[in-house]
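# Architecture at a glance
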Amino acid sequence: MGKTPEKNKKSGNGIFKGPEFIRKFIVSLKRRPQNVPLLIYIIAFCIYSLNLTNISHTTARILGKNMGLYGFITMLFSILLIVCFMNSFPRRKKPNYPMLILMFAMVGAVVFCDIKYQNIVFTALNRSENPVKIEVYIAKAYNVLNTHEIFLIVASVLTVLMPLYKRLLGKIPTGVVIEGNDQMGEIELSDDQ
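All values reported here derive from a predicted model rather than from experimental measurement.

### What about the overall build of the protein chain?
Within the protein chain one finds eight helices and zero strands. Beginning at the N terminus, the succession of helices and strands in the protein chain can be written as α-α-α-α-α-α-α-α. Counting every position in the protein chain, which comprises 193 residues, the buried fraction comes to 29%. Carbon and sulfur atoms provide 63% of the accessible area of the protein chain, an area that totals close to 13,600 Å².

Below you can see the structure in the form of structure tokens.
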């Protein structure tokens with residue numbers, strides 16, 4: 001039992017081992033740079049889906065024209081655009097451009113639906129006759145849609161700029177220097193058998 005802590009210290013158990021973890025992380029990004037925008041698309045989806053209660057309550061409170069449809073399209077296309085993005089970059093093959101175009105069309109539709117939804121909320125809160133009283137969930141839903149749009153736009157820009165930062169990542173040295181390799185020329189082979 002007394003040797004267990006020493007063994008753990010020597011083996012370096014743990015997920016984050018400092019420079020080695022960073023090196024492995026950069027190597028994985030070099031191999032699959034599309035993981036950067038994919039992660040942001042997933043975060044955007046989580047932001048929207050985890051706040052769906054506020055959006056549903058806002059839809060039920062305001063009852064604007066096509067609000068439910070806009071919410072449905074946003075939720076559906078947020079899932080499908082992640083699937084299209086994952087199918088746009090198959091392993092060891094060229095990008096699937098039709099899937100990529102379909103994904104960008106879905107991003108455009110989601111941003112359009114978010115903006116239309118926000119306009120309906122803004123109009124309902126500021127109309128002269130019988131304005132809707134602002135509630136906490138309405139303000140949260142409005143802000144969630146802003147955040148969702150920003151994340152989708154950032155992920156789309158990162159998708160377009162992927163060839164650029166793929167080259168930049170390729171310039172980062174990630175090779176492992178092994179001690180003693182620089183003296184390989186000095187080793188002499190003897191014929192003493």
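That shown, we press on.
### Description of the side chain of Gln 34
Positionally, Gln 34 belongs in the loop between helix H2 (19-31) and helix H3 (35-50). Apart from residues no more than four positions distant in its own chain, Gln 34 is found in contact with Phe 85, Phe 89 and Met 162.

### Examining the nonpolar core
Formed by 19 residues in total, the largest nonpolar core has its most connected members in Tyr 41, Leu 81, Phe 85, Met 103, Val 107 and Leu 152. For this core, the secondary-structure elements that each account for two or more residues are H3, helix H5 (67-88), helix H6 (97-126), helix H7 (136-160) and helix H8 (162-170). The greatest single-element share of this core, amounting to six residues, is contributed by H6. Excluding anything up to four places from it in sequence, Phe 85 contacts Gln 34, Pro 37, Leu 38, Tyr 41, Met 103, Thr 159 and Met 162. Core analysis: the second largest hydrophobic core is formed by 16 residues, Met 67, Cys 113, Val 121 and Ala 124 among them.

### Topic: the packing of aromatic side chains
Counted by the stated rule, this structure contains two aromatic pairs. A centroid spacing of 5.4 Å and a plane angle of 55° characterise the contact between Tyr 41 and Phe 85, whose relative ring orientation is tilted. A residue pair is termed long-range when its members are at least 10 positions apart, and Tyr 41 in helix H3 and Phe 85 in helix H5 qualify at 44 residues. With respect to burial, Tyr 41 and Phe 85 carry one shared label: buried. Linked through ring pairs, Tyr 41, Phe 85 and Phe 89 together constitute an aromatic cluster.

### A few points about the side chain of Gln 118
You can see Gln 118 is positioned in helix H6. Overall, the relative accessible area of 6% leaves Gln 118 in the buried class. In contact with Gln 118, not counting residues within four places along its chain, are Tyr 142, Leu 145, Asn 146 and Glu 149.

### Regarding the packing of H5 against H6
As a packed pair, H5 and H6 sit with axes 8 Å apart at the nearest point and diverge in direction by 155°. As far as their axial angle goes, H6 and H5 are roughly antiparallel. H6 is crossed by H5, and the crossing has left-handed handedness. Looking at the contact of H5 with H6 residue by residue, the classes come out as 20 nonpolar, four polar and two charged.

Calculation criteria
Residues numbered from 1 in each chain as written. Predicted model: local features only at pLDDT ≥ 70, side-chain atom pairs only at ≥ 80, totals over all residues. Heavy atoms only, no water. Helix = DSSP H or I, 4+ residues; strand = E, 2+ residues; numbered from the N terminus. Buried < 20%, exposed > 50% of the residue type's maximum accessible area, 1.4 Å probe, protein only. Areas by Shrake-Rupley, 256 points an atom, 1.4 Å probe, with all protein chains shown as cover. Contact = heavy atoms within 4.5 Å. Core = buried A, V, L, I, M, F, W, Y, C linked by side-chain atoms within 4.5 Å. Phe/Tyr/Trp six-rings, centres within 6.5 Å; stacked < 30°, edge-to-face > 60°. Axes fitted to C-alpha atoms, helices over the stretch in contact; angles between N-to-C directions. Parallel < 35°, antiparallel > 145°, perpendicular 65-115°, else oblique. Left-handed = near helix turned anticlockwise from the far one by under 90°. Nonpolar A, V, L, I, M, F, W, Y, C, P; charged D, E, K, R; others polar.

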